[in-house]
Amino acid sequence: YHEGTWGVSHTRVPTESRPGHVALIAGFYEDVSAVAKGWKENPVEFDSVFNESRHTWCWGSPDILPMFAKGASGDHVYTYTYPAEEEDFASTDASKLDTWVFTQVKSFFQSAKSNSSLKASLLEDKNIFFLHLLGIDTNGHAHRPMSQEYLDNIGLVDSGVAETVALIEDFFGYDGRTAYVFTSDHGMTNWGSHGAGHPSETLTPLVVWGAGVNHAQRVTEPQPYTDGYLQDWKLEHIRRNDVSQADIAPLMASLIGVPIPVNSVGLLPLSYLNNTDRFKAESMYTNAFQVLEQFKVKMTQKKESTLSFLFTPFQFFLGCSVVLGFVGWTSYVVLVILKTHTNLNVPLCMCVAVVITVFLLIQRSPITYYIYCLLPVPVWYSVVSFFHRAVLTVGLAVLSLWPFLSGLYGKTKVTASSDRGSCCHNTPGKMLHVAVCAYVPSLTHSSLQQKQGLPLLNQIISWTTLASSMLVPLLSSTRLFHRLLSIFLSLTATYLLLSTGSEALFPPVLSWLMFVWINIEQEAVLFQTLSAIDFSANIDITKMRQMKLDDIRRSYFFVFFIITAFFGTGNIASINSFDPASVYCFLTVFNPFIMGGLMMWKVNFPSTIFFSLFPITELFACVSRKGNLFLIVLVISDLMALHFFFLVQDHGSWLDIGTSISHYVIVMSMTIFLMLLSVVTHILTSRRLYLWKKPKMHFP
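Residues numbered from 1 in each chain as written. Predicted model: local features only at pLDDT ≥ 70, side-chain atom pairs only at ≥ 80, totals over all residues. Heavy atoms only, no water.

Novice: Where do I start with the packing of aromatic side chains in this structure?
Specialist: Two measures describe an aromatic ring pair: the distance that separates the ring centres and the angle between the ring planes. All chains considered together, the criterion is met by 21 aromatic pairs. The interplanar angle of 15 degrees and the centroid separation of 5.3 Å between the aromatic rings of Tyr180 and Trp209 together place this pair among those described as stacked. One end of the pair, Tyr180, is in strand S5 (residues 179–183); the other, Trp209, is in strand S6 (residues 203–210), and 29 residues separate them in sequence. Pairwise contacts between aromatic rings join Trp57, Trp59, Tyr78, Tyr80, Phe108, Phe109, Phe129, Phe171 and Phe172 into one cluster. One cation-aromatic arrangement involves Arg12 over Tyr29; the distance from NZ or CZ to the ring centre is 3.9 Å. Here the guanidinium or amino end of Arg240 rests over the ring plane of Tyr225, the centre of that ring lying 3.9 Å away. (Phe/Tyr/Trp six-rings, centres within 6.5 Å; stacked < 30°, edge-to-face > 60°. Helix = DSSP H or I, 4+ residues; strand = E, 2+ residues; numbered from the N terminus. Lys NZ or Arg CZ within 6 Å of the ring centre and 35° of its normal.)

Novice: Help me understand a nonpolar patch on the surface in this model?
Specialist: A grouping of Met146, Leu151 and Ile154 is seen on the molecular surface, where their side chains present a nonpolar patch of about 270 Å² in accessible area. Looking at where Met146 falls in the secondary structure, it is placed in the loop between helix H6 (135–143) and helix H7 (148–171). A relative accessible area of 61% places Met146 in the exposed class. (Patch = residues over 30% accessible without salt bridge, like charges linked within 9 Å, V, L, I, M, F, W, Y side chains within 5 Å. Areas by Shrake-Rupley, 256 points an atom, 1.4 Å probe, with all protein chains shown as cover. Salt bridge = Lys/Arg side-chain N within 4 Å of Asp/Glu carboxyl O. Buried < 20%, exposed > 50% of the residue type's maximum accessible area, 1.4 Å probe, protein only.)

Novice: Whenever I open this one, the pattern of salt bridges confuses me. Can you help?
Specialist: Oppositely charged side chains may form a pair once their charged atoms are brought near each other. Under the defined criterion, the tally for this structure stands at nine salt bridges. Glu30 is the partner of Arg18 in a salt bridge, and the nearest nitrogen-oxygen pair spans 2.8 Å. Here Arg18 is found in helix H1 (residues 17–26), whereas its partner Glu30 is found in the loop between H1 and helix H2 (49–52), with twelve residues between them in sequence. Judged by relative accessible area, Arg18 falls into the buried class, the value being 1%. Judged by relative accessible area, which is 7%, Glu30 ranks as buried.

Novice: Would you mind showing me how to read the UniProt feature "transmembrane region" (unreviewed entry) in the chain here?
Specialist: In the numbering used here, UniProt assigns the "transmembrane region" (unreviewed entry) feature to residues 307–338, 344–362, 393–410, 480–498, 510–535, 556–575, 629–649 and 661–684. Secondary structure content for residues 480–498 is 95% helix and 0% strand, and the end C-alpha separation is 27 Å. (UniProt positions renumbered as here; feature names shortened; annotations may be inferred.)

Novice: What is the right way to read the sheet that holds strand S4 (residues 127–131) from this model?
Specialist: The strands making up a sheet associate through hydrogen bonds between their backbones, and the pairing can be parallel or antiparallel. Reading across the sheet, the three strands line up as S3-S2-S4 and stay open at both edges, with parallel pairing between neighbours. Here the strands that pair on one side only, and so sit at the sheet edges, are strand S3 (77–81) and S4. Averaged over neighbouring strand pairs, the angle between their axes works out to 10 degrees when direction is ignored. Both strand S2 (residues 55–60) and S3 contribute to a ladder of five bridges, which runs parallel. Counterpart to Gly60 in the pairing with S3 is Thr81. Packing against the sheet, helix H4 (residues 96–112) makes contact with S2, S3 and S4, and its axis sits at approximately 140 degrees to S2. (Pairing = 2+ DSSP bridges. Axes fitted to C-alpha atoms, helices over the stretch in contact; angles between N-to-C directions. Contact = heavy atoms within 4.5 Å.)

Novice: I'm lost on the side chain of Ser48 in this one. Help?
Specialist: Looking at the secondary structure, you find Ser48 in the loop between H1 and H2. Of the residues examined, Ser48 reaches a relative accessible area of 2% and is grouped as buried. Other than its neighbours up to four places away in sequence, Ser48 contacts Ile25, Ala26, Phe68 and Pro261.

Novice: What's the story with unusual backbone geometry in this structure? I'm lost.
Specialist: Glycine aside, residues mostly have negative phi angles, and peptide bonds mostly take the trans form. Each neighbour pair has its own omega, and for Val13 with Pro14 the value is 0 degrees, a cis peptide bond. Here Pro14 lies in the loop between strand S1 (4–10) and H1. Of note, the phi angle at Lys126 is positive, near 65 degrees, even though the residue is not glycine. Residue position: Lys126 is located in the loop between helix H5 (116–122) and S4. Classification of Lys126 as partly exposed rests on a relative accessible area of 32%. Even without being glycine, Met146 reaches a positive phi, approximately 75 degrees.

Novice: So what exactly am I meant to see when it comes to the pairing of S1 here?
Specialist: For a regular strand, side-chain orientation follows a simple rule: the groups alternate between the two sheet faces. Most of S1 sits inside the fold, with six of its seven residues counted as buried. Bridge analysis of S1 against S6 gives seven bridges, and the strand direction is antiparallel. Bridge pairing in S6 places Thr5 opposite Val208.

Novice: Help me out: how do you make sense of helix H21 (residues 480–497) in this one?
Specialist: Owing to its 3.6 residues per turn, the α-helix aligns residues three or four sequence positions apart on the same side. Taking 1.5 Å of rise per residue, 18 residues should cover 26 Å, and H21 covers 26 Å from first to last C-alpha, within 8% of that figure. The buried count for H21 comes to 17 of 18 residues, which makes it a mostly enclosed element. (Expected span 1.5 Å × (residues − 1).)

Have a look at this one:
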């Protein structure tokens, strides 16, 4: 370490492989929308150090290398990847991925000695060799950092890097013209996940040595860092030079003598360069000038496609469209609740739509602008001049006192306990299935620890359970306790397969809390016993009534439980923090779409169980299942979404930006989600399938 310069690279959320590599190689922080393409495609093509080089040879993962070759001009970026199936978290030895890279590099240089054209290309300047070492990451996920497998993999990489450096120096005759940059795209937590903003995920080592790099600078005074790395790595006496991850791209461009990627926002870290002051000054000027030119080009493009009197640096126009959409939709739902009707005519709205369309055509707006701006038109077509703003000033703390203040607490302490045993007569098989699903994760974990891979039987059980989870409840009786217990056991079986610890206790606790709430609502309206309710029964329309203040309370409770179901298990955060352990019972080969889909099912499970109870509250309230209570829920959800829309920010750290966007997207999508979930749970609760001819039943 006396021959180079070291420091800590500060990454940004999301600390995932693709965003990290884009920052390293291209010098900018890619938009998080790339996750919609599984971190594999380029939402927007970008320049990179690879593209600016004369030649670049890459070895490693098929998930990372192709994106830099795809975005390069010409055919000077060459990639060599192993099959995607090799990225198996249940592999007996994930370090073989790194061994493959080192072996391929060694073979490459050996073949170059007898290949004159390849050798001639290698002897040119401005070349890059990129080694992507995925084995440590895979072992970290599968066995956790500090495991013996992880530590052995570090030793393999250390020796592999040393051998590769010696190989390169020998090939070029120790000419002193090669620079080396060793760093990581992200870190990892002690439990083997990454993607969030913990320091163990955002702080990664950076070591640079070779041609054009400063030698280590000894220091005697204490250095201003409190994260403990100086002491842990025993480098207190060597000057530490921290950088932002995007700064590494300009550094590499400067070391090999190529232009900084045009989209780079990184700042050239001068402390790593061993060159003249004039060179450093010119490089910094070029760096700053390039960032300024990016701003000017983007500003010009925006001005050319926007009417001058409406031009603003930010998207105020789109913001207004989003707000109008929410306000219009919320107003429409309120009007449906109040049984009012529209008196605006279609021609007026058609004229408005035409004006908006022409306006967008003049500005050459992208297709997404038409969606944002035209969506409010049909919504506002259904809205009259009346607008009702509901102000929620009663908090959950006050609502929690309601059972005590209303005198219902004493009545419901022992209610609904006498006639529920009968519903368990047909559940032993389901209980056994749940017990098997509770044991499968333990068996899978044991098999992976012994490096025996994912047992085929466990995988079959897992996928079969998932596929049947929405069908099994339809085979049970539609009586309340029969159907709810069937839904709970069926969905819990799949949830257990996706759980990694005490989180499996959350659904039973939440379900019991919701059940208590239903009992209290039963007493509040002096309704029939719960066991007598049949989900498939038709509601007597003669008993329908107008809305009451109690219905708002029920809707508010409903929204609270839905939010609790979303966030109670912490699964929203776990989606952003990549930890494949939750899906090991289903698959171990890396597949972001399937893994993400399974995690989304896990997040939605508590909400599905709770939504199954909502028709009961509508029965208590004597309102239509397609009517007012659900519409109140939509109003509350829309107001929450509009509130979070104004909290979205595009400045600060990635963690701040990502958190604000996540909250907005979750609450905004809750409206659509609730509408879809209401359809699913209505089928789950009120429909029944018969495998054979309907038998005669003495007990429904």
